Amino acid sequence: MIAGIDPESVFRRIHQDLPVGLHTHVTIIGSLAAAYHFRARLGFRPVKTKDADLMVQPAGALERCRDIAVRLLDGGWTPIADCIPGSVDTPTEDLPVVRLHPPGSQLYFLELTGLAPATQQDGVAWERFEARGGWYALPSFRYLRLVGSRLERATVGLNYASPSMMALANALSHPTLDGQLMSKPVEGRKIKRAAKDLGRVLAIAYLAGREETEEWLPRWQDGLWTHFSDDAAPLGRRAGAGIRALLESRAELADAHWTTTNGLLGGLGVTEENLRAVGERLLVDLFGPLAQEFSQ
Amino acid sequence: MAPSPDERLTVHFEPASRDAGYDLRSRDGRFVVGHKNSVASARDLYAGLIILATALGHEGEHVRAVFVAGRSVVSPSRIREEWQRITNVLRPAVARRLAVVILSDPPLCLPDEPEVRALAEELRLLLTTNERKHNLREDHPAHGESRVPTIKFFEVWKVLLAHWLLQQEALRIGELMREANCSHPTVIRALQRMEERREIRRLSNRSVELVEFPHETFGEALALAESLRTPIRFVDAAGANGDPAALLRRLERVAEQEGTPKMALGGVSAARHYDPEFDLEGTPRIDVSVHTFAGEPELGFVNQLDPDARWVGVVGKVDPALRRTSRASEAILVVHPLRRRESLFVRRDRGMPLADPVETLFDLHDLRLHDQAEAMVRRLRAEKRR
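Computed from a predicted model, the values in this text were never measured in an experiment.

Our next topic: the sheet that holds strand β4 (residues 64-72) of chain B. Residues and elements named next belong to chain B. As summarised here, the arrangement of the six strands in space is β1-β2-β3-β4-β5-β6, forming an open sheet in which the pairing is mixed. Strands at the two margins of the open sheet, each flanked by one partner only, are β1 (13-15) and β6 (108-110). On average, adjacent strands in this sheet sit at an angle of 25° to one another, irrespective of strand direction. Taken together, the five bridges between β4 and strand β5 (residues 98-102) define a ladder with parallel strand orientation. In the strand pairing of β5, A65 is matched with L98. Across the sheet, helix α2 (residues 42-56) is in contact with β3 (31-39), β4 and β5; its angle to β4 comes to roughly 160°. The strands that helix α3 (residues 76-89) touches are β4, β5 and β6; relative to β6, the one it contacts most, it runs at about 10°.

With that settled, the discussion passes to helix α4 (residues 163-173) of chain A. Residue and element names in this part refer to chain A. Where burial is concerned, most of α4 is hidden: 10 out of the 11 residues are buried. Taken together, the buried positions of α4 are occupied by P163, S164, M165, M166, A167, L168, A169, N170, A171 and L172. Buried residues in α4 make contact with β2 (26-29), α2 (30-37), α5 (193-208), α7 (216-227), α8 (232-238) and α11 (272-293).

Okay, a nonpolar patch on the surface next. Together, V124, W126 and F141 of chain A line one region of the surface with nonpolar side chains, adding up to about 260 Å² of accessible area. Residue placement: V124 of chain A occurs in strand β8 (residues 124-131).

Bringing the sheet that holds strand β8 (residues 200-202) of chain B into the picture now. Residue and element names in this part refer to chain B. Pairing in this open sheet of three strands is antiparallel, and the strands run β7-β9-β8 from one edge to the other. Because the sheet does not close on itself, it has two edges, and the strands there are β7 (171-172) and β8. In this structure, β7 lies alongside strand β9 (residues 207-210), joined through two bridges in antiparallel fashion. Within β9, the position partnered with L171 by the bridge is V208. Its contacts with the sheet put helix α8 (residues 184-196) on β8 and β9, and the angle it makes with β8 is roughly 115°.

Formally, a disulfide is one covalent bond, and it connects the sulfur atom of one cysteine to the sulfur atom of another. All names here are of chain A. All chains considered together, the criterion is met by zero disulfides over all chains. Its sulfur unpaired, C83 is 14 Å from the next cysteine sulfur, which belongs to C65. Judged by its relative accessible area of 4%, C83 is buried.

As a further point, take empty space enclosed by the protein. All names here are of chain B. Using the criterion set out here, one finds two cavities of 30 Å³ or more in the structure. Empty space within the second largest cavity amounts to approximately 60 Å³. Considering the residues around the second largest cavity, the lining is formed by 11 residues, among which H163, W164, Q168, E169 and E209 are closest to the centre. Going through the elements one at a time, α6 (151-165) and β9 are the ones with two or more residues in the lining of the second largest cavity. The residue makeup of the lining of the second largest cavity, split by class, is six nonpolar, two polar and three charged.

Across chain A, the average pLDDT comes to 90, with 99% of residues at 70 or higher. Mean pLDDT per element in chain A: strand β1 (residues 4-5) of chain A is the minimum at 78, and α4 of chain A is the maximum at 97.

Right, let's get into α5 of chain A. Residues and elements named next belong to chain A. The terminal C-alpha atoms of α5 lie 23 Å apart, and with 16 residues this matches the ideal 22 Å at 1.5 Å per residue to within 8%. Among the 16 residues in α5, 15 count as buried, and that is most of the element. After α5 finishes, the residue G209 shows a positive phi value of roughly 80°.

Turning our attention to the packing of aromatic side chains. Counting across every chain of the model gives 14 aromatic pairs over all chains. Ring centres 5.8 Å apart and planes at 85° place the aromatic pair F11 of chain A and Y160 of chain A in the edge-to-face group. Pair noted here: F11 of chain A is in helix α1 (residues 7-17) and Y160 of chain A is in strand β11 (residues 159-160), with a separation of 149 residues, a long-range link. Each member of the pair F11 of chain A and Y160 of chain A is classed as buried. Ring centres 6.3 Å apart and planes at 50° place the aromatic pair W164 of chain B and F213 of chain B in the tilted group. Of this pair, W164 of chain B sits in helix α6 while F213 of chain B sits in the loop between β9 and α9 (215-223), and the two are 49 residues apart along the sequence. Comparing W164 of chain B with F213 of chain B, the two get one shared label, buried. One aromatic cluster is present, formed by F153, F154, W157, W164, F213, F218 and F362 of chain B through successive ring pairs. Taking NZ or CZ as reference, R39 of chain A lies 4.0 Å from the ring centre of Y36 of chain A, over its face. Stacked on the ring of F153 of chain B, the Lys or Arg R193 of chain B has its end atom at 5.1 Å from the ring centre.

Residues L110 of chain B and P111 of chain B are joined by a peptide bond in cis, for which omega reads -5°. Considering the arrangement of structural elements, one finds P111 of chain B in the loop between β6 and α5 (114-134).

Quick look at the interface of chain B and chain A now. Taken residue by residue, the interface counts 17 residues in chain B and 14 residues in chain A. Here chain B and chain A share an interface that buries about 1,200 Å² over both sides, 37% of which is from carbon and sulfur atoms. Counting across the interface, chain B meets chain A through nine salt bridges. The salt bridge partner of D319 of chain B is R281 of chain A, with a shortest N-O separation of 2.5 Å. Considering every element that reaches the side of chain B that touches chain A, the biggest residue donor is helix α11 (residues 244-258) of chain B, with four residues. Classifying every residue of the side of chain B that touches chain A by side-chain character gives seven nonpolar, two polar and eight charged.

Following the criterion strictly, the structure yields 50 salt bridges over all chains and no others. Across the pair E214 of chain A and R250 of chain B runs a salt bridge, and its minimum N-O distance is 3.1 Å. Remark: R250 of chain B occurs in helix α11 and E214 of chain A occurs in the loop between α6 (210-213) and α7; the pair is interchain, linking two chains. Of the residues examined, E214 of chain A reaches a relative accessible area of 25% and is grouped as partly exposed. For R250 of chain B, a relative accessible area of 5% puts it in the buried group. Taking the shortest distance from any N to any O, the salt bridge between E216 of chain B and R197 of chain B comes out at 3.5 Å. Of this pair, E216 of chain B sits in helix α9 while R197 of chain B sits in the loop between α8 and β8, placing them 19 residues apart in sequence. Each of the salt bridges in this network shares a partner with another, and the network as a whole consists of E155, K158, R229, R340, D356, E359 and D363 of chain B.

Criteria and cut-off values
Residues numbered from 1 in each chain as written. Chains lettered and ligands numbered in written order. Predicted model: local features only at pLDDT ≥ 70, side-chain atom pairs only at ≥ 80, totals over all residues. Heavy atoms only, no water. Pairing = 2+ DSSP bridges. Helix = DSSP H or I, 4+ residues; strand = E, 2+ residues; numbered from the N terminus. Axes fitted to C-alpha atoms, helices over the stretch in contact; angles between N-to-C directions. Contact = heavy atoms within 4.5 Å. Buried < 20%, exposed > 50% of the residue type's maximum accessible area, 1.4 Å probe, protein only. Patch = residues over 30% accessible without salt bridge, like charges linked within 9 Å, V, L, I, M, F, W, Y side chains within 5 Å. Areas by Shrake-Rupley, 256 points an atom, 1.4 Å probe, with all protein chains shown as cover. Salt bridge = Lys/Arg side-chain N within 4 Å of Asp/Glu carboxyl O. Disulfide = S-S within 2.5 Å. 1 Å grid on protein atoms, 1.4 Å probe; cavity = no way out; pocket = protein on both sides within 12 Å on 5 of 7 lines; lining within 4 Å. Points joined across faces, edges and corners; volume = space filled by probe spheres on them. Nonpolar A, V, L, I, M, F, W, Y, C, P; charged D, E, K, R; others polar. pLDDT = per-residue confidence, 0-100. Expected span 1.5 Å × (residues − 1). Phe/Tyr/Trp six-rings, centres within 6.5 Å; stacked < 30°, edge-to-face > 60°. Lys NZ or Arg CZ within 6 Å of the ring centre and 35° of its normal. Buried area = accessible area lost by both parts, 1.4 Å probe.

Spelled out as structure tokens, the structure:
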């Protein structure tokens with residue numbers, strides 16, 4: 001079972017362990033960022049999540065990634081069990097992503113992600129780098145460029161992704177429910193990556209509430225124009241396709257519910273019907289108007 | 001001790017879920033029952049049978065669906081004709097599993113089969129006793145039943161009370177007939193009942209008005225409010241962040257965009273208008289009255305045949321996460337259909353109209369804001385004296 005972590009203490013720990021000069025070059029993303037942002041609404045209690053995703057910028061900053069990895073390894077952070085560094089001969093696709101436990105604790109792990117360059121068309125691109133004699137892979141997710149818009153600032157001074165832009169990035173990543181399963185089952189259940197990521201869109205929207213999500217539309221438009229100028233219109237028109245497909249699939253919605261209640265929404269008593277209603281609101285309030293804006 | 005009708009009903013039948021398409025299910029699993037107090041038109045019969053026919057699609061082949069009404073203003077011969085027409089257009093496999101029972105004396109059973117007659121006898125005993133206890137009749141009472149109030153009586157009474165609270169002049173009988181949409185005999189019977197209680201006075205110009213706040217009838221109306229008003233309640237299915245104040249803002253925005261003059265705010269929102277010193281922090285829920293005089297669904301608010309209640313009308317535009325609920329305590333929005341001819345809505349320079357103060361008082365009592373309701377009446381009457 002996934003143990004709960006306190007997002008504020010994890011932020012403090014990362015802030016403490018990273019060289020000060022690197023603080024401005026990292027952004028905390030994913031469920032930890034969302035848990036931190038909504039910590040008051042979550043009652044300041046531990047949240048069931050396992051990974052602290054760290055996105056390193058600017059795009060293509062392999063040297064910075066190497067610095068961070070070296071610094072953490074030197075500071076006693078240890079690779080998680082299945083993060084076995086490769087050699088110079090290991091093909092990039094077989095190299096592990098940097099996933100490190102903090103010193104003396106296995107409560108969570110930190111994972112490094114790169115910022116995708118503006119030219120990247122693939123959903124995910126991989127680069128390799130060496131740190132302390134081992135070789136690792138650095139993934140860059142195309143739509144996570146969006147989180148560069150409207151960064152939030154934690155009290156310790158680290159940047160983290162705004163929930164609104166994470167929601168859009170996750171929605172764009174999965175226009176359909178096709179695709180691979182998660183590398184590991186979630187609490188014993190095999191889940192598609194699409195169900196997990198789209199479930200997070202619903203979880204974030206649930207925590208934000210409608211008053212807040214209604215303010216996302218102009219941010220989404222700005223983000224799409226800023227980061228995908230040529231592709232902004234087609235992306236805006238299809239942004240809601242994944243959520244729509246999720247709501248139409250009973251099985252995938254059940255999986256999305258499973259991942260969110262075993263993660264960000266754990267212990268809140270959120271039902272599948274709650275998530276469905278949140279999704280229907282998003283389609284009416286945001287994805288529909290967004291598609292309209294980009295159709296004109 | 002012999003079991004009460006309620007207990008007997010529970011022994012033989014169980015209530016169906018909200019979305020089942022019928023009201024009761026026999027515990028032996030042989031029958032599902034759609035129940036209506038009265039068949040007012042052939043359309044009632046059509047609607048009832050079609051809903052049951054749809055529900056049969058989810059039932060085993062051995063289950064029969066029976067449309068049961070306590071009485072009918074449609075004649076038995078007309079019901080037989082309509083029954084024939086409806087069953088002719090249904091698939092035989094469905095039609096042979098349907099039945100109609102009107103609990104007259106003797107009951108009307110279609111088809112006239114022993115199984116249906118036996119069920120009719122059982123239901124006549126159980127439902128009519130319960131109905132007398134819990135429900136209202138829609139129109140004038142039969143001889144010897146003058147102590148039982150009717151929906152029409154309350155419509156007449158509510159119009160008089162609204163005028164009294166709004167400091168309006170006494171009403172002539174004709175105006176009362178028009179506003180309440182009641183016939184002359186119905187209005188006269190209603191006034192007789194109020195006179196017996198010394199609740200009204202007749203003026204020299206053939207008009208009538210209330211003497212004072214009619215506590216006795218108001219208490220009676222409150223006790224019957226659920227049957228009288230048939231509220232449609234909605235819950236915020238998105239869960240934790242239900243916010244009535246935000247819902248109100250959206251409702252007003254949609255009302256402005258759509259131009260919906262047949263919709264008015266009631267409840268706490270209206271009470272704050274009628275009583276500027278209304279004593280309540282926040283807004284616990286939103287009450288809306290919808291004028292549906294023609295008897296047809298208006299504005300997309302009422303779509304009774306949609307079991308999933310995916311509201312595509314105004315409610316859907318206000319919030320697609322709203323779902324119907326039978327639990328009063330969890331409702332964030334309550335819609336009250338108003339079926340009289342005149343809405344008695346109070347127009348404002350800006351914003352949605354307000355439901356009349358009588359509807360507003362009912363809303364407040366439904367919210368258990370009894371003290372605030374009484375204060376509102378005092379405030380309105382004090383205004384009148386000034």
